[in-house]
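# Architecture and fold: a report
Here is what each chain is made of, one letter per residue.
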Amino acid sequence: MEISRWTVIGFVCLQIIWIRFIGSAEPILLEPGKIQAVTLSQLGPQTFNVVGVKPSIHYLLMQVHSQGVPLVLKTTFPPSTESITGTSIGVVTFLRANDTNATWDVGIDYSNSNHTGNATAVVFVQQFDEDAPVPGGCNQVFELETDANIKLSSLPYQTKVWFQLANVGYHRKDSPPSCDSNSNLQYVLYVAYVKEGDHGFEAMFDTLQQMLTPEMIESNAYKVLSMQDGGAQKSLLRVTASEKQGAVFAVVVRDSKNGMASSYVTAVTYSCDFLSGTCDFSFGVIESVLTIACGVVGLFLLLFGHNYLRTGFGIFGFISVSLVSFSLLMRAGTLTDAASLGIAAVLGLLGALIWLGVWWWLMFPTVSVLLPGMTAGYLVSSTLFFSPFANLSWWASGLNYGLIFFCVVLLFPILLLWSPHTLNMVCCGLVGSFCVVMAIAIPLHSSLPYIILTSVHHAAVPGYSGVIVVYPFQTNDIILAVLWGLLVIGGFLFQLYRQRGEVPFPNHHSLQASQAQASQAPAHQARHAQLPSSSDDERTPLLGH
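The paragraphs below set out a description of the structure included in this document. The structure presented is a predicted model; accordingly, all values stated were derived computationally and were not measured. (Residues numbered from 1 in each chain as written. Predicted model: local features only at pLDDT ≥ 70, side-chain atom pairs only at ≥ 80, totals over all residues. Heavy atoms only, no water.)

Time to look at the environment of Val141. Here Val141 is to be found in the loop between strand 9 (119–129) and strand 10 (151–155). For the pair Val141 and Gln164, spaced 23 residues apart in sequence, the C-alpha separation works out to 7.7 Å. The contacts of Val141, once residues within four sequence positions are left out, are Trp162 and Gln164. (Helix = DSSP H or I, 4+ residues; strand = E, 2+ residues; numbered from the N terminus. Contact = heavy atoms within 4.5 Å.)

Written out as structure tokens, the structure is:
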């Protein structure tokens, strides 16, 4: 029997309509505790199923992740009317008395994005027994009744991390207990970072699969902060953000009475928007010029900063004034970063001329090396507050942070002020080597530039002292940090070697002028200077030899 062309076309259209509006006929069977990468079709949602759930299991945590493509997740069995949309989303599915399976639908949310075509997603389901805490079980703000999601919001130079408090575990047949007495629940925020400079799906997948269960999270991630339910701390936290750097956040809640732990839905962010193209790693003209200038200036300071004293002082005047000006312009918030950088550079040139004038006028080493010493002290203080030391609760106050930061800035030059030429060479080596390392770190997308940027943000962004300082410190960062230390030592020894046999600092210009006048004095004044004094012996020849 011959089948007409229109019959085939009609059959295909019916199949597309079925898939698009009713769903896939073949659900994907999920294994609890096993991560899977799946392709979601643009034709309609995909169904996922878990079967054979034991009666001791109280709830399932289903989570789905994509790279910038918004998804829709909904529990279809046990029946539910709730759904959630996002790129890192999950739902807590409670099982009824006799349930042994659960089903979810996952699709692409085309209504909230300009994405077209299929999408790759990561799917993972966990099962928790009746003694495990229920993440998000005491939700008061989020959209789901029990919401275990972590909400990430990208703010200027920081990421806001917000999650809802959990409830204690309970049996399937029981009603949820009251949230008023959950002081035995302890929460820990963790973060892990995707490989620096890598926006590939595989890199995100490799990091994500280590951040899904409480045991994985505690073993593979960095502990950011711990808090206890009922305390003064809130579940709304702010963490430093590295733009275009993949960060994976997770929260583990543990019941201190029975030791059982649960994890929230893992959240992934790059602090940029993949679909709009703001995550592109393109290197602009400004970045290229800054990188080259940083490398050249740093190499000069590292090797010849003290030998060419006036040039070195001019560079330190430029760096210090530019840094302060840029921070003040950013705090004003009326200009773009590029405009603020250009104005700061012009003011930096003026600062270089002023400090050269101070050196020419005074030529007093102890005063002249104060600015290089304070510039190096700023770098030392910035490095100190880039470490875990920055997250002590004392520094949550902007006043406390500013006082201690400035004390470290002053303490560094004071410790070496007994030897001005040593202080100057150390400053040249420290600042120069950092500039050289930055010329390498910027193209490699390393975290080391944030040593300075974090201090600038503290000065320019109101309330930034309450942000938790945490950045990736991966293989490239470790190598560059070691290189920085070696360059500091090598640069200091090289300048010390070049300085051997030379005066530490040139004489004051007035002394140089008097010496020049003495060398040009008339001959009779010179002979007069050779006449014997009254203290000479009587037998000393009057005319000499």
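So much for the structure itself; the text now carries on.
This part is about unusual backbone geometry. Cis geometry marks the peptide bond from Phe77 to Pro78; its omega dihedral reads -5°. As for its placement among the helices and strands, Pro78 is situated in the loop between strand 5 (71–77) and strand 6 (83–86). Positive phi, normally seen in glycine, also occurs at Tyr157, with a value near 70°. Within the secondary structure, Tyr157 sits in the loop between strand 10 and strand 11 (158–162).

On to the environment of Ser446. Position of Ser446 relative to the elements: it lies in the loop between helix 10 (420–441) and helix 11 (450–460). Along the chain, Ser446 and Pro472 lie 26 residues apart, while their C-alpha atoms are 8.5 Å from each other. Here Leu448 takes part through its backbone nitrogen, which lies 3.2 Å from a polar atom of the side chain of Ser446. Within the structure, the side chain of Ser446 is placed 2.4 Å from the side chain of Asp477, a separation counted as a polar contact. (Polar contact = N/O pair within 3.5 Å; in protein donor to acceptor, adjacent residues only side chain to side chain.)

This part is about a nonpolar patch on the surface. A contiguous nonpolar surface patch, about 420 Å² in accessible area, is contributed by Leu335, Ile343, Leu347, Leu350 and Ile354. Its place among the elements puts Ile343 in helix 6 (residues 337–362). (Patch = residues over 30% accessible without salt bridge, like charges linked within 9 Å, V, L, I, M, F, W, Y side chains within 5 Å. Areas by Shrake-Rupley, 256 points an atom, 1.4 Å probe, with all protein chains shown as cover. Salt bridge = Lys/Arg side-chain N within 4 Å of Asp/Glu carboxyl O.)

Our next topic: the state of the cysteines. Considering all chains together, one arrives at 2 disulfides under this definition. In this model Cys138 forms its disulfide with Cys179; the gap between the sulfur atoms is 2.0 Å. For the disulfide bridge between Cys138 and Cys179, the dihedral angle about the S-S bond is near -95°, and by the sign convention the bridge is left-handed. Here Cys179 lies in the loop between strand 11 and strand 12 (185–193) and Cys138 lies in the loop between strand 9 and strand 10, a separation of 41 residues in the sequence. Here Cys138 falls in the buried class, since its relative accessible area comes to 12%. The disulfide bridge from Cys272 ends at Cys279, spanning 1.8 Å between sulfur atoms. Taking the torsion about the S-S bond as the criterion, the Cys272 to Cys279 disulfide, at about 105°, is right-handed. Cys279 sits in the buried class, given a relative accessible area of 5%. Taken N- to C-terminal, the disulfide-bonded cysteines of the chain are connected 1-2, 3-4. For Cys428, which is in no disulfide, the shortest distance to another cysteine sulfur is to Cys427 and amounts to 7.0 Å. With a relative accessible area of 1%, Cys428 lands in the buried category. You can see Cys435 has no disulfide; the closest cysteine sulfur is in Cys294, sitting 4.1 Å from it. (Disulfide = S-S within 2.5 Å. Buried < 20%, exposed > 50% of the residue type's maximum accessible area, 1.4 Å probe, protein only.)

Before going further, it helps to spend a moment on the sheet that holds strand 7 (residues 88–94). One key point about sheets: their strands pair by backbone hydrogen bonds, in either a parallel or an antiparallel sense. Spatial ordering of the open sheet is given by 2-9-4-7, a layout of 4 strands whose pairing is antiparallel. Pairing within the sheet leaves two strands with one partner each, and these edge strands are strand 2 (36–40) and strand 7. Neighbour to neighbour, the strand axes of the sheet diverge by 25° on average, direction disregarded. Strand direction decides the pairing type here: strand 4 (residues 57–66) and strand 7, joined by 7 bridges, are antiparallel. When the sheet's bridge partners are listed, Tyr59 is paired in strand 7 with Phe94. (Pairing = 2+ DSSP bridges. Axes fitted to C-alpha atoms, helices over the stretch in contact; angles between N-to-C directions.)

Attention now goes to the packing of helix 8 (residues 370–384) against helix 9 (residues 398–416). When two helices pack together, their arrangement is captured by the angle between the axes and the distance separating the axes. Viewed as axis vectors pointing N to C, helix 8 and helix 9 meet at an angle of 130°, and their least axial separation amounts to 7 Å. Classified by the interaxial angle, the pair formed by helix 8 and helix 9 is oblique. Note on packing geometry: the crossing formed by helix 8 with helix 9 is right-handed. The residues of helix 9 that touch helix 8, namely those facing Gly373, Met374, Ala376, Gly377, Tyr378, Val380, Ser381, Ser382 and Leu384, are Phe405, Phe406, Val408, Val409, Leu410, Phe412 and Pro413. (Parallel < 35°, antiparallel > 145°, perpendicular 65-115°, else oblique. Left-handed = near helix turned anticlockwise from the far one by under 90°.)

For the structure shown, the criterion picks out 23 aromatic pairs. On the basis of an interplanar angle of 65° and a centroid distance of 5.4 Å, the ring pair of Phe385 and Phe389 is categorised as edge-to-face. Residue Phe385 is classed as buried on the basis of its relative accessible area of 2%. By relative accessible area, Phe389 is classed as partly exposed at 29%. Centroid distance Phe385 to Trp395: 5.7 Å. Interplanar angle 70°. Geometry classified as edge-to-face. Residue Phe385 is located in the loop between helix 8 and helix 9, and its partner Trp395 is located in the loop between helix 8 and helix 9; the two are separated by 10 residues in the primary sequence. Accessibility assignment for this pair places Phe385 and Trp395 in one class, buried. Pairwise contacts between aromatic rings join Tyr378, Phe385, Phe389, Trp394, Trp395, Tyr401 and Phe405 into one cluster. Over the ring of Phe142 we find Lys151, and its NZ or CZ is 5.2 Å from the ring centre. (Phe/Tyr/Trp six-rings, centres within 6.5 Å; stacked < 30°, edge-to-face > 60°. Lys NZ or Arg CZ within 6 Å of the ring centre and 35° of its normal.)

At their nearest, the axes of helix 5 (residues 309–332) and helix 11 sit 8 Å apart, and the two run at 50° to each other. Viewed along their axes, helix 5 and helix 11 adopt a mutual orientation that is oblique. The handedness of the crossing between helix 5 and helix 11 comes out as right-handed. Where helix 5 approaches helix 11, its residues Leu323, Phe326, Ser327, Met330 and Arg331 are matched on the opposing element by Ile452, Val456, His457, Ala459 and Ala460. For the contact of helix 5 with helix 11, the residue count by class is 7 nonpolar, 2 polar and 1 charged. (Nonpolar A, V, L, I, M, F, W, Y, C, P; charged D, E, K, R; others polar.)

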